[in-house]
Amino acid sequence: MRPLWPVLLVVVAAGLATLSIALSGPQERPVSRAERALDMPYTRDMDPAERDQLLDLAAAAGADSIKTVAPWDHLEPSEDDYHWGFMDDFIAAAEARNVEVHMQVSATPDWVHPGLDDRVPDRSSRVWYPPRGGTEVGHWHDFVRDLVARYGTRVSSYEMWNEPNLGDFWRGGPDPAEYAAVLRAGYLGAKEADPDVTIVGGSLSQNDVGYTNALYDEIRKYPDAYAHDDFFDAYGVHPYAVKNGEPLAPDYPAFLANYTGPFGRKNSAFLGIEYIRRTLEAHGDSHKKLWVGEFGYNTKAAWMSPTPDATRAGWLEQAYSLLDDRPYVVGMSWYSYYSSTGSGFNIYNRATGRRTLTFRAFEATAPPPRPDRSFAKGQAGGRGTRAFRGPNEAG
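The paragraphs below set out a description of the structure included in this document. Quantities reported herein were computed from a predicted structural model and do not represent experimental measurements.

**As for the overall build of the chain**
Okay, so step 1: Along the backbone of the chain there are 12 helices and 13 strands.
Okay, so step 2: Within the chain, buried positions represent 54% of all 395 residues.
Okay, so step 3: Look at the contacts in the chain between residues 6 or more apart in sequence, and 77% of them connect residues 24 or more apart.
Okay, so step 4: Within the structure as shown, the chain displays about 16,900 Å² of accessible surface, and the carbon and sulfur contribution to it stands at 53%.

Right, here's the structure in full:
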């Protein structure tokens, strides 16, 4: 007969462990999760009561942050004539609900490029003609400086423009050299006002490796690029997942969604963010994180085929789960909260108050605690293992 005392010891030890856990209360495992944001643009003409209702709903749904637009044409409609009121109110309202704010800075006012209205009568198109040349880019620098001087780190990040690799948002044709000038001017203006703010560069449509490489080439022609860490603190991507017009699930294998864009390799899978990450690493920027500034699916006919709301809800959960496993991604802003109803990208209907299944999935996938990730550069040694000098820098 086998002795019973070893068994008794195990039972007693297990009982003591259980008692210890019971006495010390619930044991919380440290959680690292990607930030959950909702896209909330164009607040200038919004009724304050509706704005507050939308912010209340977002906060109740567990949104960590809101991504909004800082429209240059609305905030500075004529030179040095600032209209800050609606943005002041929006940021204060978000802060009151413990919801952080990210800004996409874009939309050129007419006074910056006089005479353009004679050639381009559509104002909604004119705002996407970027500042070009020393004078216009100088105006951009001053605007970003003044914007950051007003809001500083009350804004979690400032994205420099929107999808400059697309002709729709970089009228006249995408040009990495032009965008490098805009990115540099915005970064220097922002850091002049507050060196602690986070500047997001890129904000590209899909995972445009070719454009990113070309952008690095242009950035590093500036002698001060190294001193200013390539003029961005984090890199933005909008990895909409579509192939031949058909939506792809977030876990679709990235290697099956490569194609050649105007600047070289481009990828249209959600997980193609891995290629952007590797591109930053190859250029010595492994210390910088990614920000998914837009991602979503449409339920009505648009530039990709519709996705049923129930499928979209599952894909939202999957996308955030995939990002939770990738600590180099700070977070993602789901596109869109309530805008773009015509194409069905919205997950909440302002007119009817209807919460889609996708909205309810967002609620379910944004549990406490708040994410512990940030844009802070996480690796010692600054730029990484490979330093560089621009072509005009002394050796």
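**Observations regarding the pairing of strand S5 (residues 199–205)**
Okay, so step 1: The element S5 is largely enclosed, with a buried count of seven among its seven residues.
Okay, so step 2: Here strand S4 (residues 157–160) runs beside S5; their pairing, made up of two bridges, is parallel. Across the sheet, residue Glu-159 finds its bridge partner in S5, namely Val-200.
Okay, so step 3: As paired elements, S5 and strand S7 (residues 234–238) share five bridges and run parallel to each other. Bridge pairing in S7 places Gly-202 opposite Gly-236.

**Things to note about the pattern of salt bridges**
Okay, so step 1: Taken as a whole and judged by the stated rule, the model has 28 salt bridges.
Okay, so step 2: Asp-309 serves as the salt-bridge partner of Arg-354, at 4.0 Å between the closest nitrogen and oxygen. Of this pair, Arg-354 sits in the loop between strand S13 (329–334) and helix H12 (357–364) while Asp-309 sits in helix H11 (residues 309–324), placing them 45 residues apart in sequence.
Okay, so step 3: The exposure class of Asp-309 is buried, given its relative accessible area of 15%.
Okay, so step 4: Through salt bridges with shared partners, a single network forms among Arg-51, Asp-52, Asp-56 and Arg-97.

**Remarks on unusual backbone geometry**
Negative phi characterises most residues that are not glycine, and trans characterises most peptide bonds.
Okay, so step 1: The peptide bond linking Tyr-335 to Ser-336 adopts the cis configuration, its omega dihedral lying at 0 degrees.
Okay, so step 2: Even without glycine at this site, Asp-80 takes up a positive phi of about 60 degrees.
Okay, so step 3: Mapped onto the elements of the fold, Asp-80 is located in the loop between helix H3 (72–75) and helix H4 (85–96).
Okay, so step 4: Even without glycine at this site, Ser-203 takes up a positive phi of about 55 degrees.
Okay, so step 5: Along the chain, Ser-203 turns up in strand S5.

**Focus on the layout of surface pockets**
Okay, so step 1: In this structure, the largest pocket encloses a volume near 930 Å³.
Okay, so step 2: Lining the largest pocket are 37 residues, and of these Asn-162, Glu-163, Phe-169, Glu-294 and Tyr-335 lie nearest its centre.
Okay, so step 3: Among the secondary structure elements, those contributing two or more residues to the lining of the largest pocket are strand S2 (65–71), H3, strand S3 (100–106), helix H6 (123–126) and strand S8 (242–243).
Okay, so step 4: Split by residue class, the lining of the largest pocket holds 16 nonpolar, 12 polar and nine charged.
Okay, so step 5: Lining the second largest pocket, in full, are Glu-35, Asp-64, Glu-100, Ser-156, Thr-198, Val-330, Arg-370, Pro-371, Arg-373, Ser-374 and Phe-375.
Okay, so step 6: Its residues assigned to classes, the lining of the second largest pocket comprises three nonpolar, three polar and five charged.

**Some points on the packing of aromatic side chains**
Okay, so step 1: Inspection of the entire model under this criterion finds 32 aromatic pairs.
Okay, so step 2: Ring centres 5.8 Å apart and planes at 85 degrees place the aromatic pair Trp-84 and Tyr-151 in the edge-to-face group. With a gap of 67 residues between them, Trp-84 in the loop between H3 and H4 and Tyr-151 in helix H7 (residues 133–151) connect regions that are remote in the sequence. Like Tyr-151, Trp-84 is buried.
Okay, so step 3: One aromatic cluster is present, formed by Trp-72, Tyr-82, Trp-84, Trp-111, Trp-128, Trp-140, Phe-143, Tyr-151, Trp-161, Phe-169, Trp-170 and Tyr-179 through successive ring pairs.
Okay, so step 4: A cation over a ring is seen here: Arg-265 above Tyr-275, with NZ or CZ 4.0 Å from the ring centre.
Okay, so step 5: One cation-aromatic arrangement involves Lys-288 over Phe-232; the distance from NZ or CZ to the ring centre is 3.7 Å.

**Considering the nonpolar core**
Okay, so step 1: With 101 residues, the main nonpolar core has Met-103, Leu-147, Tyr-158 and Tyr-337 as its most contacted residues.
Okay, so step 2: By size, the runner-up hydrophobic cluster in this structure holds six residues, among which are Val-200, Trp-291, Val-330 and Phe-375.

**Points about H12**
Because an α-helix packs 3.6 residues into every turn, residues spaced three or four apart end up facing the same way.
Okay, so step 1: All of the buried residues along H12 are Thr-358, Phe-359, Ala-361 and Phe-362. With its buried residues spanning 160 degrees around the axis, H12 presents them on a single face.
Okay, so step 2: Each element contacted by the buried residues of H12 is listed here: strand S1 (35–39), helix H2 (48–60), H11 and S13.

**A look at the environment of Gly-201**
Okay, so step 1: Examined against the element boundaries, Gly-201 turns out to sit in strand S5.
Okay, so step 2: Sequence separation of Gly-201 and Tyr-187 is 14 residues, and the distance between their C-alpha atoms is 9.0 Å.
Okay, so step 3: Leaving out residues up to four positions away in the same chain, Gly-201 has contacts with Tyr-179, Leu-183, Phe-232, Ala-234, Tyr-235 and Gly-236.

**Digging into empty space enclosed by the protein**
Okay, so step 1: One pass over the full model with this rule turns up one cavity of 30 Å³ or more.
Okay, so step 2: Surrounding the largest cavity, Tyr-42, Thr-43, Arg-44, Val-69, Pro-71, His-74 and Phe-86 form its lining.
Okay, so step 3: Classifying every residue of the lining of the largest cavity gives four nonpolar, two polar and one charged.

**Some remarks on the environment of Leu-55**
Okay, so step 1: One can find Leu-55 in helix H2.
Okay, so step 2: Under the relative-accessibility criterion, Leu-55 is labelled buried at 0%.
Okay, so step 3: On a C-alpha basis, the gap between Leu-55 and Ala-94 in space is 6.7 Å, while along the polypeptide they are 39 residues apart.
Okay, so step 4: Sequence-distant contacts of Leu-55, defined by excluding residues within four places in its chain, comprise Met-40, Ile-66, Phe-90, Ala-93, Ala-94 and Arg-97.

The rules we used
- Residues numbered from 1 in each chain as written.
- Predicted model: local features only at pLDDT ≥ 70, side-chain atom pairs only at ≥ 80, totals over all residues.
- Heavy atoms only, no water.
- Helix = DSSP H or I, 4+ residues; strand = E, 2+ residues; numbered from the N terminus.
- Buried < 20%, exposed > 50% of the residue type's maximum accessible area, 1.4 Å probe, protein only.
- Contact = heavy atoms within 4.5 Å.
- Areas by Shrake-Rupley, 256 points an atom, 1.4 Å probe, with all protein chains shown as cover.
- Pairing = 2+ DSSP bridges.
- Salt bridge = Lys/Arg side-chain N within 4 Å of Asp/Glu carboxyl O.
- 1 Å grid on protein atoms, 1.4 Å probe; cavity = no way out; pocket = protein on both sides within 12 Å on 5 of 7 lines; lining within 4 Å.
- Points joined across faces, edges and corners; volume = space filled by probe spheres on them.
- Nonpolar A, V, L, I, M, F, W, Y, C, P; charged D, E, K, R; others polar.
- Phe/Tyr/Trp six-rings, centres within 6.5 Å; stacked < 30°, edge-to-face > 60°.
- Lys NZ or Arg CZ within 6 Å of the ring centre and 35° of its normal.
- Core = buried A, V, L, I, M, F, W, Y, C linked by side-chain atoms within 4.5 Å.
- Arc of directions from axis to C-beta.

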